Amino acid sequence: MASPGGTSSGSSLLQTSGSEEDLQALMDQKRQKRMISNRESARRSRMRKQKHLDDLTAQVNQLRKENSRILTSLTLTTQHHSAVEAENSVLRTQMVELGNRLQSLSEILHCLNGNTTITRGLFCDGPQVNNSFSNPWNLMYMNQQPIMASVGNMFLY
């Protein structure tokens, strides 16, 4: 009886040992499969990360171009604004000068109409005024200097 039991127990040991080897091989195969899967997942993750980095780099370049365009536009607008401000100052100076000339011409016409008054230091006594003053357009030729104002003297007023 010992021999049938001994044989049987030796065979059972071989089966257990074979079964453990099969189990170990199966575990190794699963581990190998998991390693390959993890490597592939890491590769896809690196690719996504690289694509995201490339997208961000492209966006940075696009925003830099847009920023440069806006800065150029701002510079041109600022220069245009300064030019308009200078021209506006010149026009205001000319307006004041023309207003003064108009006031003087009005006073001369007032004198020509026969009113005897003293206006801004000008004494008018009617008919003694030269006839060349009767046409206001002749007055323009008395003072031949044109009305001029420039950016250089705009701060004098």
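As the structure is a computational prediction, the values presented were derived from the model and not from experiment. (Residues numbered from 1 in each chain as written. Predicted model: local features only at pLDDT ≥ 70, side-chain atom pairs only at ≥ 80, totals over all residues. Heavy atoms only, no water.)

Engineer: A description of a nonpolar patch on the surface should follow, citing residues and the corresponding values.
Structural biologist: Taken together, the side chains of L23, L26 and M27 define a hydrophobic patch exposed on the protein surface, amounting to about 280 Å² of accessible area. Structurally, M27 can be placed in helix α1 (residues 2–112). M27 gets classed as partly exposed once you look at its relative accessible area, which sits at 44%. (Patch = residues over 30% accessible without salt bridge, like charges linked within 9 Å, V, L, I, M, F, W, Y side chains within 5 Å. Areas by Shrake-Rupley, 256 points an atom, 1.4 Å probe, with all protein chains shown as cover. Salt bridge = Lys/Arg side-chain N within 4 Å of Asp/Glu carboxyl O. Helix = DSSP H or I, 4+ residues; strand = E, 2+ residues; numbered from the N terminus. Buried < 20%, exposed > 50% of the residue type's maximum accessible area, 1.4 Å probe, protein only.)

Engineer: Help me get a handle on the confidence of the model for the chain, residues and values and all.
Structural biologist: Across the chain, the average pLDDT comes to 79, with 62% of residues at or above 70. Overall, residues 1–7 carries pLDDT values under 50, and its contacts beyond four positions in sequence, including any with other chains, amount to zero contacts. (pLDDT = per-residue confidence, 0-100. Contact = heavy atoms within 4.5 Å.)

Engineer: Before we move on, can you summarise the pattern of salt bridges with the specific residues and values?
Structural biologist: Counted by the stated rule, this structure contains four salt bridges. The salt bridge partner of E40 is R43, with a shortest N-O separation of 2.3 Å. Of this pair, E40 and R43 are both found in helix α1, three residues apart, which corresponds to roughly one turn of the helix. Given a relative accessible area of 31%, E40 falls into the partly exposed group.

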